[in-house]
Amino acid sequence: MRIAELTSPEIRPSHHDSLSQLLSQLEASINQCELLSPEKPLPTNLSSDLRSTLSQLSSLVPFSNSIKLQIWKLSYRLWNACVDLSNVAGVRSSGDKVGEEVVKLRQVSADMLLLAGNVAGVPSPALKSASFYYKTGLIWLELRRFDLAASCFEKATDLTSKLDAATISDAGERKLLLDLNIARSRTAWDVSDRNLAVTLLNRAKNLLFGSAEHYKALANQYLVFGKSALSKIEGCGVKEALKLMNEALDLFEKGLSTARTRNGTEDLKALRSKCLRFIAAVHLQGEEFESVLKCIRVLREGDGDRHPCLPVLAMKAWLGLGRYGEAEKELRGMVVNKGVPEGIWVSAIEAYFEAAGTAGAETAKGLFLGLLGRCHVSAGAAVRIAHRVVGEGGSGEGPRARAKVVAELVSDERVVALFAGEAAAKDRTAMHAVLWNCAADHFLLKDYVTSAEMFEKSMLYVPYNIENRILRAKGFRVLCLCHLGLSQLDQAQEYINEAEKLEPNIACAFLKFKIYLQKSDHNAAISQMQGMTTCIDFTPDFLSLSAHEAIACRAIPVAVASLANLLNFYSSGKPMPTTEVAVLRTLVTILTQDSGYEQEILKFMKRAHLRISELGPDCFFGKGEVGRRERNWFAVNAWNFGTNTGKEKNYEVCAEFLRLASEFYSVVLDGEMEENNVMVCKSLTLTVSAMLAAEKQKQARLLDTEVKQAIKLLERAGKILSSISSGTQLDDEQVTIIKPNLFFIYTFNAYDLHGRLNDLGSQQLLLVKSFASSKFCNPNHLLQIGLNASEGPQSNHEVATFALTECLSAFVSSPSPDYQNIALVVRRLISVASIHRGDTDDDAVYAMYKQAYRIMVGLKDGEYPTDEGKWLAITAWNRAAMPVCLGQADAAKKWMNMGLEVASKVAGMDTYRACMEDFVAAFAKKYAQIDDGESKSQQVV
């Protein structure tokens, strides 16, 4: 129940008063609308207030005719106010909030007419009300408010559906009925309700009234829908488009039969031709090429149509049928036809080339150049043609042939002239990019001939001004690269010189360096490399790159100079692209590829050792496993170089390398135990050996300072040897390296050096005794030490005696004695004792002979060297000569008996022994008579 019904009759307002009050409110709001200005924002509540008043007014129906007429007038006033706002501000085509407010006011105006209903004295009130809804719906449709548009059109349709169309005679009203159906169809199409849209168009066929304009409007809508369907990706879109366009074509033809004016007929014919062209396009999209040609034939022969698109459609149809000759005729016909727009014939040339492929490149070029002489051709068209002919690149003869055609096209003076001036700057840049990219693609494929040609053509589209100086320099540099690839070094040098004039930078300097390298001019390459460091944009990376290039060209001096120059930048402490140890390792590796670089290798090895002391092992080599690998690489290579130069008898360099090897092996990285003691010891020992060998080779004795230095090295080695030999266990590697040579070499060298320090031989004897007591002692080594100590200006008889005695004991106690060496030791011991002891210790010498005799006892004939046995027998016999002369009978007998005893054990001395025995017997008889005479004399006395 309403509140008004609860109110008492005396205070309830009358119907007339309420109506008057609402109409006054409605008029006041409309007055406010008439005062609105587009420069000021529209009140957002105006339409809602009007609609609220209208809602209250609807509760008071029915109205009298005067009230209806008043509502109609107010509606028209509101409508006209909206029209004025739209005309001044252009809000009808706007999609903003202001435009929507105006449309809402229009719809309120239409709702007012609908509320008022039929009014006496107003002709066709329903159609007028429907007209307001129709116009409002069109604006909602433009604003893409499809729901509101559909609502307006549906209300308008409800108003007109009650009318008998046959009774409507006014052309405008008839047109309204048709337009209303078309508008509803458009709305349904826009919301993708295609079935409803087509159904509404089919209904509209009943509203044509035999008017050519109606046929034209409806056919146009069919055509619009057909074009829309044709643009869809779906496969069914082509069939739907063809169906709609056939409907349009049928309506155009029917319209021609009803046309009464010449202009109307011409318009319909033009639209019919347009429809046929679209039908041809639909057939082309559906690959129905014969149907396309039929449509074109009808257009040309029946309608005399010369539309520019017809040759394009015909050409594409012929191409689809594979009849390239017919397609080329259509294309050449376009060249003759001056009415063909540029965009169309450029598109046609592109399509022809795309279908004909490389074979059509020459035709495309010829047609384009033909067009230049016939009409004005834009630079953009030239860019499109060049881009289409170049294609997507690729390898093979096809892309190469296309590139050649483009090169001929873009180098034509007429084509170049198209790009002159500032107006063509954008197209000039585009053409340069097309040619540059084509050249770059061929460069990557190592087709340097084609690449160089395309780069040259691209230079035609770079202006000669300051702004493009860098771009021209870049072009010259890439041309230099192309000719480098072709080994055309003189041309490459010309281009890089031009580039350097325009933009002197590191890239130019480096390319000149490459040219000198390929010319094998190493001195010039080194000078150029050194000059690179003065470039503003120089970075150390270019020195590394220079080294790589030099290595590739087998230019070892240049590579070494580059890396050596790179080393100079490490002392500054700046970040570098690679580690210093890697550079030094690379340098050494390069130098090892050829012989004769030992001094250079030694220099860089010493540099590495110096940097270790400056930076520390972890900073120089690196940490962890990487650092260990680097350290071991330098140590192993220093060792290898030392051993190799030693084999080549370059002992001085050998000593340097081995000493460096000992230093590298001595380096202990963070968290690492000393693992290379054996190699350190071996390197130190062999370093001294190389120093002594170099001394003999040069025949120049070592200086005292050098001797002391060598002794220090041996002292380091001796400490390591002592620690190793005193260990309870030795691994296989240590045993292999130390036993027995290393200890012997150490002892032999130390003996030699200590003999030069005037220490009376005490240190030498200690060294030999230490060696003799070690587990690595070998009798052969003792023999060598003994022999060396027993001769020469620095002989040491104590060392010789000790070493030879120990050696003899070892030989004799051996399971398989080497009697040749035993005889040698015996002879040398006898010689040492004879020289250093003389007659003062005759018993010692006699003991040696006696030992030799005992050794010989029990041996087979010839087992003890015969010559040595004879030497023993004869020398022992000869030693009796002096006592005989001195009348020392006992001493003489002792030595003669020793000679006889030894001779008895030597084969081939029978004759000697017989003579010896006779002499001994005579000597004994003589001295017996002397003894008897002396005894008698004593008795007489």
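All figures in this text were calculated on a predicted structure; none of them were measured in a lab.

About the thresholds
Residues numbered from 1 in each chain as written. Predicted model: local features only at pLDDT ≥ 70, side-chain atom pairs only at ≥ 80, totals over all residues. Heavy atoms only, no water. Phe/Tyr/Trp six-rings, centres within 6.5 Å; stacked < 30°, edge-to-face > 60°. Helix = DSSP H or I, 4+ residues; strand = E, 2+ residues; numbered from the N terminus. Buried < 20%, exposed > 50% of the residue type's maximum accessible area, 1.4 Å probe, protein only. Lys NZ or Arg CZ within 6 Å of the ring centre and 35° of its normal. Core = buried A, V, L, I, M, F, W, Y, C linked by side-chain atoms within 4.5 Å. Contact = heavy atoms within 4.5 Å. Salt bridge = Lys/Arg side-chain N within 4 Å of Asp/Glu carboxyl O. Expected span 1.5 Å × (residues − 1). Arc of directions from axis to C-beta. Axes fitted to C-alpha atoms, helices over the stretch in contact; angles between N-to-C directions. Parallel < 35°, antiparallel > 145°, perpendicular 65-115°, else oblique. Nonpolar A, V, L, I, M, F, W, Y, C, P; charged D, E, K, R; others polar. Polar contact = N/O pair within 3.5 Å; in protein donor to acceptor, adjacent residues only side chain to side chain. Left-handed = near helix turned anticlockwise from the far one by under 90°.

Enquirer: How should the packing of aromatic side chains be read in this particular structure?
Expert: Two descriptors summarise a pair of aromatic rings, namely the distance from one centre to the other and the angle between the planes of the rings. Following the criterion strictly, the structure yields 23 aromatic pairs and no others. Arranged with centres 6.1 Å apart and planes meeting at 25 degrees, the rings of Trp-72 and Tyr-76 form a pair that is stacked. Within this pair, Trp-72 and its partner Tyr-76 are both found in helix H4 (residues 65–89), separated by four residues, close to a single helical turn. Assessed through its relative accessible area of 30%, Tyr-76 is described here as partly exposed. Ring geometry for Trp-436 against Phe-455: centres 4.8 Å apart, planes inclined by 70 degrees, an arrangement best described as edge-to-face. Here Trp-436 is found in helix H21 (residues 425–444), whereas its partner Phe-455 is found in helix H22 (residues 448–458), with 19 residues between them in sequence. With respect to class, Trp-436 is no different from Phe-455; both count as buried. One aromatic cluster is present, built from ring pairs that chain together Phe-620, Phe-621, Trp-633, Phe-634 and Phe-664. The residue whose ring lies beneath Arg-106 is Trp-79, and the NZ or CZ to ring-centre distance is 4.8 Å.

Enquirer: Honestly, the nonpolar core in this entry has me stumped. Any pointers?
Expert: Soluble globular proteins tend to bury their nonpolar side chains together. Judged by nonpolar contacts, the single largest core of 153 residues is most densely connected at Leu-57, Leu-78, Met-112, Phe-419 and Met-431. Those residues in contact with Phe-419, other than ones at most four positions away along the chain, are Ala-379, Ala-382, Val-383, Ala-424, Asp-427, Arg-428, Met-431 and Tyr-461.

Enquirer: I tried to follow the pattern of salt bridges on my own but got confused; where do I start?
Expert: For the structure shown, the criterion picks out 25 salt bridges. Between Glu-101 and Lys-104 there is a salt bridge, with its nearest N and O atoms 3.7 Å apart. Of this pair, Glu-101 and Lys-104 both sit in helix H5 (residues 97–116), three residues apart, roughly one helical turn. In this structure Lys-104 comes out as partly exposed when scored by relative accessible area, which is 32%. Residues joined by salt bridges that share partners form a network here, namely Glu-580, Arg-607, Arg-611 and Glu-614.

Enquirer: Would you take a moment to explain helix H7 (residues 146–161) for this structure?
Expert: Residues separated by three or four positions in an α-helix point in the same direction, a consequence of the helix having 3.6 residues per turn. Taking 1.5 Å of rise per residue, the 16 residues of H7 would be expected to cover 22 Å, and the 22 Å separating its terminal C-alpha atoms lies within 8% of that figure. Residues Phe-146, Ala-149, Cys-152, Phe-153, Ala-156, Thr-157, Leu-159 and Thr-160 constitute the buried set of H7. Each buried residue of H7 sits inside an arc of 160 degrees when the element is viewed along its axis, so together they form one side. Across H7 from its buried face, at more than 90 degrees, point the exposed residues Asp-147 and Ser-161.

Enquirer: Would you mind showing me how to read the environment of Leu-767 here?
Expert: Along the chain, the position of Leu-767 falls in helix H37 (residues 762–773). Spatially, the C-alpha atoms of Leu-767 and Val-799 are 9.4 Å apart, while their sequence positions differ by 32 residues. Here Leu-767 is in contact with Tyr-746, Thr-747, Ala-750, Tyr-751 and His-754, once residues within four sequence places are set aside.

Enquirer: So what exactly am I meant to see when it comes to the packing of H37 against helix H39 (residues 797–812) here?
Expert: Packed helices, taken two at a time, are described by the angle between their axes plus the distance between the axes. Taken N-terminus to C-terminus, the directions of H37 and H39 make an angle of 10 degrees; their axes are 9 Å apart at the nearest point. By the criterion of interaxial angle, the relationship of H37 to H39 is roughly parallel. Residue-level inspection shows Gln-764, Leu-765, Val-768, Lys-769 and Ala-772 of H37 in contact with H39, the latter providing Glu-798, Val-799, Phe-802 and Ala-803. The class makeup of the residues in the contact of H37 with H39 is six nonpolar, one polar and two charged.

Enquirer: Whenever I open this one, the environment of Tyr-849 confuses me. Can you help?
Expert: Position of Tyr-849 relative to the elements: it lies in helix H41 (residues 842–856). For the pair formed by Tyr-849 and Leu-829, sequence separation is 20 residues and the distance between their alpha carbons is 9.9 Å. Excluding anything up to four places from it in sequence, Tyr-849 contacts Ile-830, Trp-871, Leu-872, Thr-875, Ala-876, Arg-879, Trp-895 and Met-898. There is a polar contact of 2.7 Å between the side chain of Tyr-849 and the side chain of Thr-875.

Enquirer: What is the right way to read the packing of helix H38 (residues 779–789) against H39 from this model?
Expert: Here H38 crosses H39 at 150 degrees, and the two axes come no closer than 8 Å. In terms of orientation, H38 lies roughly antiparallel with respect to H39. For the pair H38 and H39, the crossing hand works out as left-handed. On H39, the residues touching Pro-779, Asn-780, Leu-782, Leu-783, Ile-785, Gly-786, Leu-787 and Ala-789 of H38 are His-797, Val-799, Ala-800, Ala-803, Leu-804, Glu-806, Cys-807, Ala-810 and Phe-811. Residues of the contact of H38 with H39, tallied by class, amount to 13 nonpolar, three polar and one charged.

Enquirer: Teacher, can you tell me more about the side chain of Asn-565 here?
Expert: Looking at where Asn-565 falls in the secondary structure, it is placed in helix H28 (residues 556–567). Setting aside residues no more than four positions away along its own chain, Asn-565 makes contact with Met-529, Gln-530, Thr-533 and Leu-543.

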